[in-house]
Amino acid sequence: MMRAPGGPRLLLRRLREVMAEPVIAQARLDRIVVLIASNMVAEVCSLYVVRADGAMELFATEGLNREAVHLTTMRPGEGLVGLIASSAEPLALSDAQHHPSFSYRPETGEEIYQSFLGVPVLRGGATIGVLVVQNRARRAYSEEEIEALQTTAMLLAEMIASGELQGIASQGAPIAVRRQLSLKGLGIADGLGLGHVVMHQPRVTVSTIVADDVESELTRLETAISAMRASVDSLIDRSDDGVSGEHRDVLEAFRMIAHDRGWLRRLREAVSSGLTAEAAVERVHNDARAKLQRQTDPYLRDRLHDLTDIANRLLHQLAGQSLVLLPEELPENAILVARSMSPAALLDYDRARLRGLVLEEAGASSHIAIVARALAIPAVSDIANISEIVEQGDAIIVDGDAGEIYLRPPADVEAAYAEKARMRARRQAQYRALRDAPTVSLDGVSIGLHMNAGLLVDMPHLAETGAESIGLFRTELQFMLASRFPRPGAQQQLYRAILDAAGERTVTFRTLDIGGDKLLPYMKGLEEENPALGWRALRIGLDRPPLLRMQFRAFIRAAAGRDLKVMAPMVSTVDEFRAARAMFDRELALSVGRGYEPPRTASLGVMVEVPSLLWQLDEIATAADFLSVGSNDLMQYLYAVDRDNRRVANRFDPLSVGFLRALRSIADAGERHGTPVTLCGEIGGRTLEAMTLMAIGYRELSMSAPAIGPIKAMTLTLNVGEARREVEPMLAKGRENASLREPLQQLAERLGVRL
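Scoring rules and cut-offs
Residues numbered from 1 in each chain as written. Predicted model: local features only at pLDDT ≥ 70, side-chain atom pairs only at ≥ 80, totals over all residues. Heavy atoms only, no water. Phe/Tyr/Trp six-rings, centres within 6.5 Å; stacked < 30°, edge-to-face > 60°. Helix = DSSP H or I, 4+ residues; strand = E, 2+ residues; numbered from the N terminus. Buried < 20%, exposed > 50% of the residue type's maximum accessible area, 1.4 Å probe, protein only. Lys NZ or Arg CZ within 6 Å of the ring centre and 35° of its normal. Pairing = 2+ DSSP bridges. Contact = heavy atoms within 4.5 Å. Axes fitted to C-alpha atoms, helices over the stretch in contact; angles between N-to-C directions. Core = buried A, V, L, I, M, F, W, Y, C linked by side-chain atoms within 4.5 Å. Polar contact = N/O pair within 3.5 Å; in protein donor to acceptor, adjacent residues only side chain to side chain. Parallel < 35°, antiparallel > 145°, perpendicular 65-115°, else oblique. Left-handed = near helix turned anticlockwise from the far one by under 90°. Nonpolar A, V, L, I, M, F, W, Y, C, P; charged D, E, K, R; others polar. pLDDT = per-residue confidence, 0-100. Salt bridge = Lys/Arg side-chain N within 4 Å of Asp/Glu carboxyl O.

1. Some details on the packing of aromatic side chains
On inspection of all chains with the given rule, the structure shows seven aromatic pairs. Each ring, one from F509 and one from F555, has its centre 5.0 Å from the other, and the planes form 25°; the classification is stacked. One end of the pair, F509, is in strand β17 (residues 507-510); the other, F555, is in helix α18 (residues 545-558), with 46 residues separating them in the sequence. Considered together, F509 and F555 belong to a single accessibility category, that of buried residues. Site record: aromatic cluster; members linked through ring pairs are F473, Y495, F509 and F555. One cation-aromatic arrangement involves R557 over Y596; the distance from NZ or CZ to the ring centre is 3.9 Å.

Right under this line is the structure:
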């Protein structure tokens, strides 16, 4: 075995010095390969960098023909360099020229070299380069030498990822890392956002690679591992409801990774080789991620997220940093990027600084999407591995309308989107010009447009949009933002402030709708195996009467002398509603009896979102003062589709025959019994869907504030009677393809409806 003079630590220190020198990128690379060759006692050292087109281009060499730099390239999988890039594993050969993957390139002059050692340069598990040393004589490279070259490759990964090498390739193709990207996903909140990436869970930057004191680093590693394990155990214990099932299996798999002996052994070995604890975690994570990314087994590929999460937790423990970005740390023009987020986490951030949101996982009807729309934050989801692709501070454009993002966009794309944003602003100005115009169709049908809200800061949009009322006020957002259960006085104060802000417009308050993905951190016992079908919303209120009575009392006292409208969510039977009605009436009588001024009028309605009510429509329409259709959950339950599961969330179309028939039956029941019906789900805020809803009998729609202008503009161009005559036969006969979207789109074009 040939021992490198001075060892890898001396080499890395020298490389650090070279990287700090004020020289151009190519000169820096040339110095680096000379240093590596000298330290490794090799005649050749070459660095290949992966370009955006997948080819590996020779960027620097010591020992090969210098004229081959930027001219020699290898296609993916071609030659030994391509083999390393595709496998993401080191390759050591004593007789390289007889390997079946060897590819001879005469311009390099490498035919005289027998021995070959190459390692991948990894970033986030992806190969971004290949580092090679070669010798004339046949030799067996030792494990120590392979380890030293891998450690050196970590340092080169920093340089490549920094973007310093962009633009020096002679053939003009950009390098793969930090290249411009256009990625297609799912638009979950309309709008355009131009800004810079801010990671919701920022990665720890590993700046020190070589350990000064190995024993001290081992101690730091063991301490961090213990703390990380404790945090994972605590996470799982908080989720332990004593019930086995798929969710429990997932959590236990997560715990197994945190306790995996093989993974921990590799971490300790990496530190023992001379790396800092942080560098060891980065190194082992990169290697493991590279292997998992090349697996075809879906289960193993799904473990990528768990592995990254565990490594991220361990790095944050070592660095003493918070796992998530603190809301007050948000810079200007921030585009928040995360794998997933809860609605409460998004609400913590300053909306004045937030320009957009990009997620790996979230459905169009998920609560995080609803909150993003309510806050008018453009959002795109379903962007695979986005948290691994971006770097903090990257320029990014979020197009929520098209469901696309542009990462590190070129100047012309940025200019085009800036103009698009200005056009959108002009269009919004046109909508604002319609603010005071009555929402009446071409054939004289009056349509009520109402606004969904959930925070006091939403209330100015009521006047800005010209909405007739607040058709849905989500009271749970106050509870989700609070550190403890809001006292009756605080609830009453908020509801009075909402009514004051609404002025003469009415507000329809929805009682506390928690459960599912809306969990209160201070309220135990809500996490379940299937929370969407579990203990949530009115079910909690009926099981804990003081909670529901307290909220009814706050509504009643806040609405003194004014109109009060309250609706109950997640009602499954008429008896459940009658039980809630009894509580409501009792609190109303108690307030009057204790001398409080009563509301001018008090109405209690039902959210129709559980399919069982579809077979109790006459009874519920008689019992309730009004009906409000929660189309998001009704769609979810009717089709047995988890709206937060991206694999199935978009499997069925709300403009399908079955769903439209269900919606029509609710509107018909309201008309039969003279019970007002409003639809407050997300489909009411989409132009084609709203046109269809009007055609099947809906005259009141509640939606996010940004949707009101487009829906009003559409209504002014619609003949409701004509649309009804065309839609009725579609629903009567149905179609082989359940979705009516295409024929409805064609109908809108024939009728000249502005979508």
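2. Topic: the sheet that holds strand β4 (residues 91-93)
The sheet built from six strands is open, its strands ordered β3-β2-β1-β6-β5-β4 with antiparallel pairing. A single partner strand is all that each edge strand has here, and the edge strands are β3 (73-74) and β4. Sheet topology note: the strand β2 (residues 56-62)/β3 ladder contains two bridges and is antiparallel. Across the sheet, the residue bridging to M56 is M74, located in β3. Each of β1 (44-50), β2 and β6 (126-135) is contacted by helix α2 (residues 25-39), which is oriented at about 65° to β2, the strand it contacts most.

3. Quick look at the pairing of β17
On β17, burial covers both faces: V507 and F509 on one face and T508 and R510 on the other are all buried. With three bridges joining them, strand β16 (residues 470-474) and β17 adopt parallel strand pairing. Across the sheet, the residue bridging to I470 is V507, located in β17. Two strands pair when backbone bridges link them, and β17 and strand β18 (residues 563-568) are joined in this way by three bridges, in the parallel orientation. Each residue of the ladder has a partner; that of R510, found in β18, is M567.

4. Re the nonpolar core
Counting residues in each nonpolar core, the largest one holds 94 residues, and the members touching the most others are L663, I666 and Y698. Once residues within four sequence positions are removed from consideration, Y698 is found in contact with I447, V629, L663, I666, A667, V677, L679 and L693. L11, L47, L156 and A258 belong to the second largest nonpolar core, which has 69 residues in total.

5. Quick word on unusual backbone geometry
The phi dihedral of V41 is positive, around 50°, even though this residue is not glycine. Here V41 shows up in the loop between α2 and β1. In this structure, M570 is a non-glycine residue whose phi angle is positive, near 60°. Considering the arrangement of structural elements, one finds M570 in the loop between β18 and α19 (574-593). Given a relative accessible area of 2%, M570 falls into the buried group.

6. Some words on the side chain of D513
Within the secondary structure, D513 is located in the loop between β17 and α17 (538-543). Among the polar contacts made by the side chain of D513, one reaches the side chain of R536 at a distance of 3.4 Å.

7. Structural notes on the packing of helix α25 (residues 720-733) against helix α26 (residues 741-751)
Relative orientation of the contacting elements α25 and α26 amounts to 155°, with a least axis distance of 11 Å. One way to sum up the angle between α25 and α26 is to call them roughly antiparallel. Along this stretch, α25 crosses α26, giving a crossing that reads as right-handed. Contact residues: E722, A723, E726, V727 and M730 in α25; P743, L744, L747, R750 and L751 in α26. Of the residues belonging to the contact of α25 with α26, the class tally is seven nonpolar, no polar and three charged.

8. As for the side chain of N719
As for its placement among the helices and strands, N719 is situated in the loop between α24 (705-715) and α25. Polar side-chain contacts of N719 include one of 2.9 Å to the backbone nitrogen of E722. Ignoring anything within four residues of it in the chain, the contact list for N719 reads L442 and D443.

9. Here's the deal with the confidence of the model for the chain
Summing up the model confidence of the chain, the mean pLDDT is 85 and the portion of residues at 70 or higher is 89%. The element-level mean pLDDT for the chain is lowest in helix α6 (residues 246-258), coming to 60, with strand β21 (residues 677-679) highest at 98. Here residues 1-5 scores under 50 on pLDDT; set against residues more than four positions off or in separate chains, the count is 14 contacts.

10. Observations concerning the pattern of salt bridges
For the structure shown, the criterion picks out 41 salt bridges. Of the charged contacts, one joins E21 and R31 as a salt bridge, the two residues approaching to 3.1 Å between their closest N and O atoms. Of this pair, E21 sits in the loop between α1 (7-20) and α2 while R31 sits in helix α2; the two residues are ten residues apart in sequence, bridging distant segments of the chain. Overall, E21 belongs to the partly exposed group, its relative accessible area being 25%. With relative accessibility at 41%, the residue R31 sits in the partly exposed group. When the shortest N-O distance is used, the salt bridge between R578 and D575 registers 3.9 Å. Of this pair, R578 and D575 are both found in helix α19, three residues apart, which corresponds to roughly one turn of the helix.

11. Here's the deal with the packing of α18 against α19
Direction vectors running N to C along α18 and α19 enclose 50°, while the axes themselves pass 9 Å from each other. Considering their axes alone, α18 and α19 lie oblique with respect to each other. Of the two possible hands of crossing, α18 and α19 adopt the one that is right-handed. Residues P545, L548, R549, F552, R553, I556 and R557 of α18 form the contact with α19, whose participating residues are A580, M583, F584, R586, E587, L588 and S591. Considered class by class, the residues forming the contact of α18 with α19 number eight nonpolar, one polar and five charged.

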